[in-house]
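Structure at a glance
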Amino acid sequence: MSRLEPPKTLADWQALADRLIPYLETRAFIDDAFVDALSGETFTTTNPATGEPLAEVASCDAADAELAVGHARAAFDAGEWSRLAPGRRKKVLLRLADLMEAHRHELALLDTLDMGKPVASSLGDMAGAIACFRYQAECIDKLYGEVAPTGEEALALVLREPLGVVASIVPWNFPLMMTAWKVAPALAAGNSVILKPSEKSPLSALRLAALAHEAGIPRGVFQVLPGFGHTVGKALALSMGVDCLAFTGSTQVGKQLMQYAGQSNLKRVYLECGGKSPNIVFADCKDLARVAKHAASAIFHNQGEVCIAGSRLLVENAIREAFIDQVLVAAKRMQPGDPLDPDSFMGAIVDEAQYRRILSYIEKGREEGARLRVGGEATQVDGKGLFIPPTVFDGVTPEMAIGREEIFGPVLSVFGFDSEEEAVAMANDSVYGLAAGLWSQDIDRIMRVTRRLHSGQVFVNNWAGGDQTMPFGGVKQSGNGRDKSHHSLEEYSELKSVWIWISLSS
Ligand code: NAD
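Residues numbered from 1 in each chain as written. Predicted model: local features only at pLDDT ≥ 70, side-chain atom pairs only at ≥ 80, totals over all residues. Heavy atoms only, no water.

Digging into the pairing of strand S8 (residues 192-196)
Counting buried positions over the five residues of S8 gives five, a clear majority of the element. Where strand S7 (residues 165-169) meets S8, five bridges bridge the pair, whose relative direction is parallel. Bridge pairing in S8 places Val-166 opposite Val-193. In this view, the connection linking S7 to its parallel neighbour S8 by way of helix H6 (residues 175-188) has right-handed handedness. Where S8 meets strand S9 (residues 222-224), three bridges bridge the pair, whose relative direction is parallel. Looking across to S9, one finds that Ile-194 is bridged to Gln-223. Note that the unit made of S8, helix H7 (residues 203-215) and S9 has a crossover that is right-handed. (Buried < 20%, exposed > 50% of the residue type's maximum accessible area, 1.4 Å probe, protein only. Helix = DSSP H or I, 4+ residues; strand = E, 2+ residues; numbered from the N terminus. Pairing = 2+ DSSP bridges. Right-handed = clockwise from strand over helix to strand, strands pointing away.)

Details of the domain arrangement of the protein
Once the domains are mapped, the protein shows domain 1 (10-22 + 29-273 + 480-494) and domain 2 (278-467). When each unit is reduced to the centre of its C-alpha atoms, the spacing between domain 1 and domain 2 is 30 Å. Each partner contributes residues to the interface: domain 1 has 24 residues there, and domain 2 has 29 residues. Between domain 1 and domain 2, a total of about 2,100 Å² is buried, with carbon and sulfur atoms accounting for 62% of that surface. When the buried surface of domain 1 facing domain 2 is broken down by residue, Leu-10, Pro-118 and Trp-172 rank first, second and third, together holding 24% of it. Between the two partners, domain 1 and domain 2, sit one salt bridge. In this structure, the salt-bridge partner of Asp-351 is Lys-200, at a minimum N-O distance of 3.2 Å. When contributions to the side of domain 1 that touches domain 2 are tallied by element, the ones reaching two or more residues are helix H1 (10-20), helix H4 (104-115) and helix H5 (119-140). (Domains from an automatic or database assignment. Contact = heavy atoms within 4.5 Å. Buried area = accessible area lost by both parts, 1.4 Å probe. Salt bridge = Lys/Arg side-chain N within 4 Å of Asp/Glu carboxyl O.)

Quick look at helix H8 (residues 229-238)
Inspection of H8 places Val-232, Gly-233, Ala-235, Leu-236 and Ala-237 among the buried residues, and these make up the whole buried set. Of the surrounding secondary structure, the elements contacted by the buried residues of H8 are helix H2 (62-78), S7, S8, strand S10 (244-248) and helix H9 (251-263).

Looking at the packing of aromatic side chains
The relation between two aromatic rings is expressed through the spacing of the ring centres and the mutual angle of the planes. Counted by the stated rule, this structure contains seven aromatic pairs. When the centroid spacing of 4.7 Å and the interplanar angle of 55° are considered together, the rings of Trp-181 and Phe-472 count as tilted. Of this pair, Trp-181 sits in helix H6 while Phe-472 sits in the loop between strand S21 (457-460) and strand S22 (475-476), and the two are 291 residues apart along the sequence. Neither residue differs from the other here; Trp-181 and Phe-472 are each classed as buried. The ring of Tyr-361 carries the charged tip of Lys-364 above its face, separated from the ring centre by 4.6 Å. In this structure, Arg-445 is placed above the aromatic ring of Phe-282, and the distance from its NZ or CZ to the ring centre is 4.2 Å. (Phe/Tyr/Trp six-rings, centres within 6.5 Å; stacked < 30°, edge-to-face > 60°. Lys NZ or Arg CZ within 6 Å of the ring centre and 35° of its normal.)

Looking at the UniProt feature "domain: Aldehyde dehydrogenase" (unreviewed entry) in the protein
The UniProt record annotates "domain: Aldehyde dehydrogenase" (unreviewed entry) at residues 35-498. Secondary structure across residues 35-498 divides into 41% helix and 21% strand, with the first and last C-alpha atoms of the span separated by 42 Å. (UniProt positions renumbered as here; feature names shortened; annotations may be inferred.)

Some points on the site of the ligand
Looking at the ligand, there are 29 residues lining it, with Val-170, Glu-199, Ser-250, Cys-273 and Glu-406 nearest. Measuring from a nitrogen atom of the ligand, one finds a side-chain N or O atom of Tyr-260 at 3.4 Å. Starting from 850 Å² of accessible surface for the ligand in isolation, the protein chains cover 90%. Broken down by secondary-structure element, the contributors of at least two residues to the shell around the ligand are H8, S10 and H9. Per-element accounting of the shell around the ligand gives the leading share, four residues, to H9. Class assignment of the residues belonging to the shell around the ligand gives a composition of 15 nonpolar, nine polar and five charged. In terms of domain composition, the shell around the ligand takes at least three residues from each of domain 1 (10-22 + 29-273 + 480-494) and domain 2 (278-467). (Near = heavy atom within 4 Å. Polar contact = N/O pair within 3.5 Å; in protein donor to acceptor, adjacent residues only side chain to side chain. Areas by Shrake-Rupley, 256 points an atom, 1.4 Å probe, with all protein chains shown as cover. Nonpolar A, V, L, I, M, F, W, Y, C, P; charged D, E, K, R; others polar.)

This is the structure in structure tokens:
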């Protein structure tokens, strides 16, 4: 592979990794410069596919947060970005998207090395992240304010203005794509943004900072603070200088963030949290083998480390046995492989803690009496790494932990049902409401069930369909925010009402 050719084979990706790793940027990005954490502390980020350390990364804490918030506020008040005409912000963000595209292989590789997902999947994430920047950039100079319908004595304007300082705290499962879903609309709307990537996947965020600088995002407008949740994350959430927290992560941490907002300045808190999504298969669906393949990939894609994973498979009892057989056939074809192999469908589990957590749920499933149909044992690739193959439990009941709790790993829980009523009740019997799927050929049933599902998103005869035009988010304890689409711009802007009195007498 020459330097300019995109990597195609495992050897190409390995060669690119060997070239990149010695030169990784691992310092925080504050006020337009890469700097060590004020404490000088670092943490190690490790490649879960090999167990080898990748880099020592700056471990920011409250002092760095305070510093970054000060710079973000100063940048906001200076107005170089916040008051820039939307069309000019658009140009800078489109330039950033172009730079991301030019560097997509490198960005994809960083996510793969950091958190273990297959490189083909990371490349898909990059396409999503780039599309998000382009979409939000294109939206921002097409959103109009309003003139309210009042009488002639006033001109009443409803203006949209940026919020100020947005702190974005993101998870590790789609590191750069989740970042893009928050950062692109927040920047497009004119805010100053401080990004805290997950301590398990900080590298692509730091690379993004360098590209944002190159694209021309002004000083202090985009900063990146790597570090832990309980240190720098908590400090941002409690900061009196942060106007909005845009969070993607677990429900447990989401609840804490709401408390921090209440304890500090009532900052806006947008949450995209966990899920335990039901995927309902009715006996009248077409082509069982195809549906089974989708049902398997709905849970095993990205090692099951997906907020909208179809982790609860609800199958009408009339077809249950035949359908599960097909799911098992599909699952057996989705074995984990080297994340740098472009043909791998599944990669490594992000870290030892998550790996142990998934295995403990598998153990619980066995103990609670669910029937293990495939998988269930950890494995390795080339004698290394944290890998868990597709695991399917049948005969799961709603009381079982594997039937209720978010595992965030490649574990599918299969339930049986006899009626539409029962399927809807089972699907809604969850604290979560992020996504739901249903498979049927009956349009009346599809509309009836769709309306009754307590879920932010419903996929009909597909799983995880959507594009930049569609909002992404949940209800109940899956959160209150919406990423993507022009609706996400609403979250990062404030309405200002302006009443201009007009004297009617001359
Ligand atoms: P997590 O909640 O442990 O961490 C998310 C982020 O919050 C990390 O950056 C972490 O450092 C930070 N954090 C942790 N404790 C904090 C604290 N006290 N104060 C401030 N910040 C803190 O989640 P995770 O393990 O990184 O990600 C997995 C979770 O994310 C799953 O529950 C998954 O469903 C959810 N998720 C949701 C969506 C969605 O769109 N709804 C998308 C992806 C992931």
